[in-house]
Amino acid sequence: MHNLHRVVSCLDNLQRPLCDLRISVTDRCNLRCTYCMPGEAFGRDFVFLRHAELLSFEEIVCVAQQCVALGARKIRLSGGEPLLRHGVERLVEMLAGLHGDDGKPIELAMTSNGTLLAKKARSLKDAGLMRLNISLDALDENIFHRMSGSSVPPGTVLEGIAAAQSVGLTPVKVNAVVKRGINEGEILPLVRHFRHSGVIMRFIEYMDVGNTNGWRLDDVVTSSETLARINREYPLTPIEPHATNEVAQRWAFQDGSGEIGVISSVTRAFCHTCSRLRLSTDGKLYTCLFATEGVDLRALLRTKFTHSDDDAALRQRIAATWHCRTDRYSQLRHEMTEKPPGRIEMSYIGG
């Protein structure tokens, strides 16, 4: 167990606290989803990071320790597909030992596409993982293949969800990105499938992340449209958020069969409460999903491991990065006529 004293009340330039750390453990994925890693951009010839360029588990934990010392209470592992990182259960076990200054363990979660989960759920739970978010954009096989750019059947993901529930990684949240003309017809089938199951189904507006997904505003199915479609068949009642920085709006089925969420990342920007810091696969810190550049920690980490046990420089670098943060891209989106150059791909810093 690591009990870390919070040394700084870490607020950014807009007085937003550091509460969440998202860690991309690999830039590789076994799917080619159109909104994240489209096959035409991430084909067979695409050059991924070499193993030596990735942060080691020990280096990741070093960054996480200092973020917890600065106030982070939630850590989420992502990718790419995090279950492709060899031995990721060991990293989970290492991070599960982190506690805040209140003595409580940090909340440790993972976002996965679920295709490898059936065989990994038990070992992840035993290592200390608490929760899972799983991506599933369609139940119809043809639509799922079109969205995921793969031949993996959606049944494989459903098996992973069932395995996660069976070992107690609950409540499982299932995320669907809705893209007009492709999978909006899957909204109700997904709702019907997961009602009464304990799974929380969430629908995400299609976002203009990265440079390769061909985003157009016309392709966005708004959360208002999604809710109206669901409400006509299954009446909904709004639920209060768990926390002020929660990104999903929560809705309960009036018949008591569960709840759903919508993430209105385009039409209802939540930048004013964003508390997330992101660590890329190769050790750069990013303060926004729509960032164009990050702060490199890898060289500092490797100097630290070679010459010093002093964490102060690392903590100061992280704190300074957060203190200078002014990001609020989604609130300013309507003012921008072109995408900024060199925007970082979501698969590199996690969704």
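Residues numbered from 1 in each chain as written. Predicted model: local features only at pLDDT ≥ 70, side-chain atom pairs only at ≥ 80, totals over all residues. Heavy atoms only, no water.

Caption draft 1: Fine view of the side chain of Asn-183. Following the sequence through the fold, Asn-183 ends up in the loop between β7 (173-178) and α6 (187-194). Here Asn-183 falls in the buried class, since its relative accessible area comes to 2%. A polar contact is formed between the side chain of Asn-183 and the backbone oxygen of Asp-137, at a distance of 2.9 Å. Those residues in contact with Asn-183 that lie beyond four places of it in its chain are Asp-137, Ile-143, Met-147, Val-177 and Val-178. (Helix = DSSP H or I, 4+ residues; strand = E, 2+ residues; numbered from the N terminus. Buried < 20%, exposed > 50% of the residue type's maximum accessible area, 1.4 Å probe, protein only. Polar contact = N/O pair within 3.5 Å; in protein donor to acceptor, adjacent residues only side chain to side chain. Contact = heavy atoms within 4.5 Å.)

Caption draft 2: Representation of the environment of Leu-314 in the model. Positionally, Leu-314 belongs in helix α9 (residues 312-323). The class for Leu-314 is buried, based on a relative accessible area of 2%. Sequence spacing of Leu-314 and Cys-67 is 247 residues, and the spatial spacing of their C-alpha atoms is 9.8 Å.

Caption draft 3: View of the packing of helix α1 (residues 57-69) against α9. Following both chains from N to C, one finds α1 and α9 inclined at 65°, their axes separated by 9 Å at the closest point. Every pair of crossing elements has a handedness; the one defined by α1 and α9 is right-handed. For the pair α1 and α9, the contacting residues are Cys-62, Val-63, Gln-66, Cys-67 and Ala-69 in the first and Leu-314, Arg-315 and Ile-318 in the second. A breakdown of the residues in the contact of α1 with α9 according to their chemical character gives six nonpolar, one polar and one charged. (Axes fitted to C-alpha atoms, helices over the stretch in contact; angles between N-to-C directions. Left-handed = near helix turned anticlockwise from the far one by under 90°. Nonpolar A, V, L, I, M, F, W, Y, C, P; charged D, E, K, R; others polar.)

Caption draft 4: Local environment of empty space enclosed by the protein. Throughout the structure, instances matching the rule amount to one cavity of 30 Å³ or more. Of the volumes computed, that of the largest cavity is approximately 40 Å³. Looking at the largest cavity, the residues that line it are Val-191, Phe-194, Arg-195, Val-199, Ile-200, Met-201, Phe-253, Ser-257, Gly-258, Glu-259 and Ile-260. If you list the elements that add at least two residues to the lining of the largest cavity, you get α6, β8 (200-205) and β11 (259-263). Across the lining of the largest cavity, the residue classes break down as seven nonpolar, two polar and two charged. (1 Å grid on protein atoms, 1.4 Å probe; cavity = no way out; pocket = protein on both sides within 12 Å on 5 of 7 lines; lining within 4 Å. Points joined across faces, edges and corners; volume = space filled by probe spheres on them.)

Caption draft 5: Looking closely at the nonpolar core. In this structure, Ile-75 and Leu-95 are the most contacted members of the largest nonpolar core, which totals 72 residues. Looking at this core, the element that brings in the most residues is α1, giving eight residues. The next biggest cluster of nonpolar side chains, apart from the first, holds 16 residues, and it includes Cys-29, Cys-33, Tyr-35 and Tyr-206. (Core = buried A, V, L, I, M, F, W, Y, C linked by side-chain atoms within 4.5 Å.)

Caption draft 6: Summary view of the pairing of β8. Burial runs high along β8: six of the six residues are buried. Where burial is concerned, the two faces of β8 agree: the one with Ile-200, Arg-202 and Ile-204 and the one with Met-201, Phe-203 and Glu-205 are both buried. Bridge count between β7 and β8: six bridges; the pairing is parallel. Within β8, the residue paired with Val-178 across the bridge is Glu-205. (Pairing = 2+ DSSP bridges.)

Caption draft 7: How the structure looks around the packing of aromatic side chains. Counting across every chain of the model gives three aromatic pairs. Ring geometry for Phe-42 versus Phe-46: centroids 4.6 Å apart, planes at 50°, classification tilted. According to the relative accessible area criterion, Phe-42 is buried, its value standing at 5%. Taking the relative accessible area as the measure of exposure, Phe-46 reaches 34% and is therefore partly exposed. Consider the rings of Tyr-234 and Phe-253, whose centres lie 6.0 Å apart with planes at 75°: the pair is edge-to-face. Here the residue Tyr-234 occupies a position in the loop between α7 (223-233) and β9 (236-239), and Phe-253 occupies one in strand β10 (residues 249-253), the gap between them amounting to 19 residues. A residue is classified by how much of its surface remains accessible, and Tyr-234, at 14% relative accessible area, is buried. Note on Phe-253: relative accessible area 6%, which makes it buried. An aromatic cluster of three or more residues is present, and its members are Phe-42, Phe-46 and Phe-48. Geometry around Phe-253 places Arg-195 over its ring, the cationic atom sitting 5.4 Å from the centre. (Phe/Tyr/Trp six-rings, centres within 6.5 Å; stacked < 30°, edge-to-face > 60°. Lys NZ or Arg CZ within 6 Å of the ring centre and 35° of its normal.)

Caption draft 8: Spotlight on the sheet that holds strand β6 (residues 131-135). Here 12 strands make up an open sheet; going across it, the order is β9-β10-β11-β8-β7-β6-β5-β3-β2-β12-β13-β14 and the pairing mixed. In this open sheet, the two strands that pair with only one neighbour each are β9 and β14 (295-296). As defined by bridge partners, strand β3 (residues 74-78) adjoins strand β5 (residues 107-112) across four bridges and the pair is classed as parallel. Across the sheet, Ile-75 pairs through a bridge with Leu-108, a residue of β5. Across the sheet, α1 is in contact with β2 (20-24), β3 and β12 (276-279); its angle to β2 comes to roughly 170°.

Scope: geometric values only; no functional claims are made or implied.
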